[in-house]
Amino acid sequence: MKKLLKIETGILFIILNMVTIATAYGQSGAIALKCEHLSSPIGVDAAHPRLSWQLNDTRQGAVQSAYQVFVAKDSSSLLFTKAYSWDSGKIRSSVSSIIYKGKVLESFTRYYWKVRTWDKNGKLLTDSRTSFFETGMMGMNNWKGNWISDEGSINTLPAPYFRKTFVAAKKIRSARAYIAVGGLYELYINGSKVGNHRLDPMYTRFDRRNLYVSYDVTAQLQSGKNAIGVILGNGWYNHQSLAVWNFDRAPWRQRPTFCLDLRITYDDGTTNTIYTDDSWKTHPGPIVFNSIYTGEHYDSRLEIPGWNTANFDDKKWNETMLRAAPSRQIVSQLMAPIRNVEEIAAKSIVKFTDKDYVIDLGRNISGVTRVKLRGDSGTVVKIIHGERLYQVTATKPGDKAVKGHVDLSNIDVYYRPKDDTDPYQTDIVILNGKGEVDFMPKFNYKGFQYVEVLSSNPIRLQKEDVTGYFMHSDVAAVGNISSSNPLIDKLWKATNNSYLSNLFGYPTDCPQREKNGWTGDGHFAVETGLFNFDGITVYEKWMADHRDEQQPNGVLPDIIPTGGWGYGTANGTDWTSTIAIIPWNLYMFYGDSKPLADNYNNIKAYVNYVTGISPNGLTTFGRGDWVPVKSSSSLEYTSSVYYYVDATILAKAAKILGNQADLARYSALAAKIKKAINDKYFNPATCIYGSGVQTELSMALQWKVVPEEYRLKVAQNLAKRVAQDGMHLDVGVLGAKAILNALSDNGQAETAYKLAAQDTYPSWGWWIVNGATTLYENWDINAARDISLNHMMFGEIGGWLFKGLGGIKPDETQPGFKNVLLQPNFVTGLSYFNASHEGPFGLIKSSWLRDGGKVTYNVVIPANSSATVKLPVDSKAKVFLNGKQVANTQHKLSAGSYRFEIR
């Protein structure tokens, strides 16, 4: 008893001592612990996972002088027994992102970890709260399940339902479900859906890599009899709808299939795995057709009440069939999942007849509708989704356009149906006459603002019966913008809406017409995405898709993933530079070199291929400045600039990864390309590139092709060209990526802002004043083609707001915002502007206010980082920092809050 009391007293002393330390220094140490860029993930397969944290220290100049990381299989070991899987030891460093280097991680094991930190004075801070990560399969050999399906073919329409009952004979301590699927699925245990993910697993090149998803299902199991239910959808695995992209000809195409392990740990420490085999039962259900591309058809008369519960009688159900695994690479889906993130009530409803209703959600989204329907048995209800309504009633014979009804003509242009049984962006529900049918599709999403409900018999539909769900990869928001100009704020929100509408486990071009992972759209918008959202897990997955799709000769398709389409002659540097640009931006925003290391050989193979077909340093391998306003740019010039970008990134990656030979080789190649571009396309006498159009001048500045001595003069010429063009844009997608940065980074921020804030055609603002809540595909709203109303390819403006006005930029020499570059522009068109970004070290704030002739500039730099501030002032201005006059030159600041005044 005395011994126990002594131990308890010792523990109390330790706890009190730590509280005393925390109180004395007012700090809580490390916070926001993440493993593989996720909070407390399960299903970690990495042998050496990445661990990261932030330092919570609000004092001026706060920096971490040392850290120590502890990892153990038992949470009590972190406090008492010290039976660590890893003790890093005290490391004198301000690093807050490391790689696990302890004992070999065991599969299916939860590891607890914490971080101890010391402040700038070497004083111990409070230990972090204990976090955890949990390993998954850790290799193919740990799967017990078989891949199973029903006996359907690729042409079978109804979605297969599966079930299995089992008995848990002992008290359950914990349970995990691991499920890998060719296609899509929903998983149920004892009648309840597992998790809140949508459209799992993410789309991959299924014959080369499949993803499995991990769930903690402890709470859904019970002692005694249990039931597992699974519904499979086609997704991109068995694409039955026909379109120009040849999804139906994908080499992996098969009837959906899955493999599941349900691993149960009992209180006595023993384990048991329930897995898929031929003892499972299967049956078709009420989902009589499903297409990720077009819609879902549901016959409520075929519903099977209780099909996924333990006491359901499945004697009439069929046997399952064993199948081959789609690929030999089954890896954990460790990333932000797709969810129904936002519920949107209908804004209005118009009743044309009791068989025809049109609903307006008030904004354009990606996702689904939930519709509550009541009517006679056999009533067929079509739920049509579109982005716009017909504005006039057609007068031509055969034209079905009627004012106020949903118009699909801007988004169904690439659909090639063989008949009328699979209408575009349309769900079909057949009512059972037994009461309300509450329908929401499981295996489809759409891009829309308007919903038209047509029924074969009269139904009564109210506005409250229709709800929209904004569905996308549920990435955390990390950026915020506000300003004195409502148009700028609306543009920022519209850009984010388009970005999220096109994030479904990979970045897409549009959520309706194609849903394709267009590479160009992906890298044009990457900075916008990363300033606003914590998207690294999605991008890392997409880069793995790139590696799966790359040809042995280095060529990439311009849509990724692809069923085979996209390896043509235009899939060149301006589009497929994703292989270099995405990893580089992940390195810049997160300070994580793993994306560069993972893709290094692929970048190299790609650059080598372009070099092989472009021996003189110039290339025509590309698509060009897509959808320009009026002026065309040289394809050789624009393609060669991106070739230069790729070679430059490759050289930088070689340096970071310690490959000196490649550093020398590709630095020389980049210099060769740059010289070739300038020799042919730059006139040093006039400081004009090419024909002098906006895109050509912008790209040279944005990508640093311009010799330094001519940089400001080229920027002046660009500003003059914009003025010549009526202070309006004259660019396509390549110019839209470059122009605002090219101006604001080179002394022409006033012109950049005027372009960004323009509200007449052609401009971003022109869309907004015409009611846009997302970004469009064409500057011309009434163009004959390329008129999707939810596209991301012109989306760089969302990132530019942080850079060009807020001035927040990562520092290449200290990436991941370890050192923040703060280079704001106090443009005269705004009276105030606020930008913030939650980086790896914490929240960065850059905020300025104009009051007459004085500008007040407030910044916040998170603990354990620093900033280099460069103010856009002339030599006559007086600059005060926290009330004291300082020089007008740049300022190096440590962590903390600062107030500049410019008079």
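Quick notes on the rules
Residues numbered from 1 in each chain as written. Predicted model: local features only at pLDDT ≥ 70, side-chain atom pairs only at ≥ 80, totals over all residues. Heavy atoms only, no water. 1 Å grid on protein atoms, 1.4 Å probe; cavity = no way out; pocket = protein on both sides within 12 Å on 5 of 7 lines; lining within 4 Å. Points joined across faces, edges and corners; volume = space filled by probe spheres on them. Nonpolar A, V, L, I, M, F, W, Y, C, P; charged D, E, K, R; others polar. Helix = DSSP H or I, 4+ residues; strand = E, 2+ residues; numbered from the N terminus. Buried < 20%, exposed > 50% of the residue type's maximum accessible area, 1.4 Å probe, protein only. Polar contact = N/O pair within 3.5 Å; in protein donor to acceptor, adjacent residues only side chain to side chain. Salt bridge = Lys/Arg side-chain N within 4 Å of Asp/Glu carboxyl O. Pairing = 2+ DSSP bridges. Core = buried A, V, L, I, M, F, W, Y, C linked by side-chain atoms within 4.5 Å. Contact = heavy atoms within 4.5 Å.

Asks: Just to check I follow, could you spell out empty space enclosed by the protein for this structure?
Replies: A water-sized probe, rolled over the atoms, reveals where empty space remains. In the structure shown here, the tally under the stated rule is 5 cavities of 30 Å³ or more. Every residue lining the largest cavity is counted, 14 residues in all, and those nearest its centre are Leu-184, Leu-199, Tyr-203, Trp-236 and Ile-292. Of the residues contributing to the lining of the largest cavity, the split by class is 12 nonpolar, 2 polar and no charged.

Asks: Any chance you could explain the side chain of Asn-485 here in plain terms?
Replies: Examined against the element boundaries, Asn-485 turns out to sit in the loop between β34 (479-483) and α2 (486-501). Here Asn-485 falls in the buried class, since its relative accessible area comes to 18%. There is a polar contact of 2.9 Å between the side chain of Asn-485 and the backbone nitrogen of Leu-487. Looking at Asn-485, its side chain comes within polar contact range of the side chain of Tyr-753, at 2.9 Å.

Asks: Any chance you could explain the layout of surface pockets here in plain terms?
Replies: By volume, the largest pocket is sized at about 1400 Å³. Forming the walls of the largest pocket are 41 residues, and the residues nearest its centre are Gln-702, Lys-704, Asp-745, Lys-809 and Gln-823. For the lining of the largest pocket, the secondary structure elements donating two or more residues are α4 (526-532), α7 (578-590), α9 (635-656), α11 (694-702), α12 (711-724), α13 (733-744), α14 (749-756) and β37 (808-810). Tallied by class, the residues present in the lining of the largest pocket amount to 20 nonpolar, 9 polar and 12 charged.

Asks: Help me understand the pattern of salt bridges, please; the structure alone is not making it clear to me.
Replies: Pairs may arise between side chains of opposite charge once their charged atoms sit close together. Counted according to the given criterion, the structure contains 50 salt bridges. Notably, a salt bridge pairs Arg-301 with Asp-299, separated by 2.9 Å at the nearest N-O pair. Taking relative accessible area as the criterion, Arg-301 reaches 45% and is therefore assigned partly exposed. Asp-299 sits in the buried class, given a relative accessible area of 8%. A salt bridge links Arg-363 to Glu-342; the shortest N-O distance between them is 2.8 Å. Here Arg-363 is found in strand β26 (residues 356-373), whereas its partner Glu-342 is found in strand β24 (residues 338-345), with 21 residues between them in sequence. You can call Arg-363 buried: its relative accessible area is 17%. Three or more residues are tied together by salt bridges with common partners; here these are Glu-36, Arg-50, Glu-540 and Asp-592.

Asks: Looking at this structure, how should I read the pairing of strand β40 (residues 842-851)?
Replies: In regular strands, side chains alternate between the two faces of the sheet. Bridging between strand β39 (residues 832-839) and β40 involves 8 bridges; their strand directions are antiparallel. Opposite Phe-833, over in β40, you have Trp-848 as the bridge partner. Direction of pairing for β40 relative to strand β41 (residues 854-869): antiparallel, over a ladder of 7 bridges. Within the sheet, the bridge partner assigned to Arg-850 lies in β41 and is Val-855.

Asks: How do you make sense of the nonpolar core when you look at a structure like this?
Replies: Residues Tyr-689, Trp-764, Tyr-857 and Phe-900 are the most contacted members of the largest nonpolar core, which totals 203 residues. Among the elements that make up this core, the one with the highest residue count is α9 (12 residues). Residue contacts for Tyr-689: discarding those within four places in its chain leaves Tyr-637, Asn-678, Tyr-681, Phe-682, Glu-696, Leu-697, Ala-700, Val-705, Val-706, Pro-707 and Val-714.

Asks: Help me understand α14, please; the structure alone is not making it clear to me.
Replies: A turn of α-helix holds 3.6 residues, and therefore any two residues three or four places apart point the same way. The buried count for α14 comes to 6 of 8 residues, which makes it a mostly enclosed element. Of the positions making up α14, those classed as buried are Ala-749, Thr-751, Ala-752, Tyr-753, Leu-755 and Ala-756. Packed against the buried residues of α14 are α2, α12, α13, α15 (764-769) and α16 (797-805).

Asks: Help me understand the sheet that holds strand β18 (residues 281-284) in this model?
Replies: Consider a sheet: its strands pair through backbone hydrogen bonds, and that pairing is either parallel or antiparallel. Ordered in space as β13-β12-β15-β10-β18-β21, the 6 strands form an open sheet in which the pairing is antiparallel. Of all strands in the sheet, those bounded by a partner on one side alone are β13 (192-193) and β21 (318-319). Where strand β12 (residues 184-189) lies against β13, 2 bridges are found, and the strand directions are antiparallel. Within β13, the residue paired with Ile-189 across the bridge is Ser-192.

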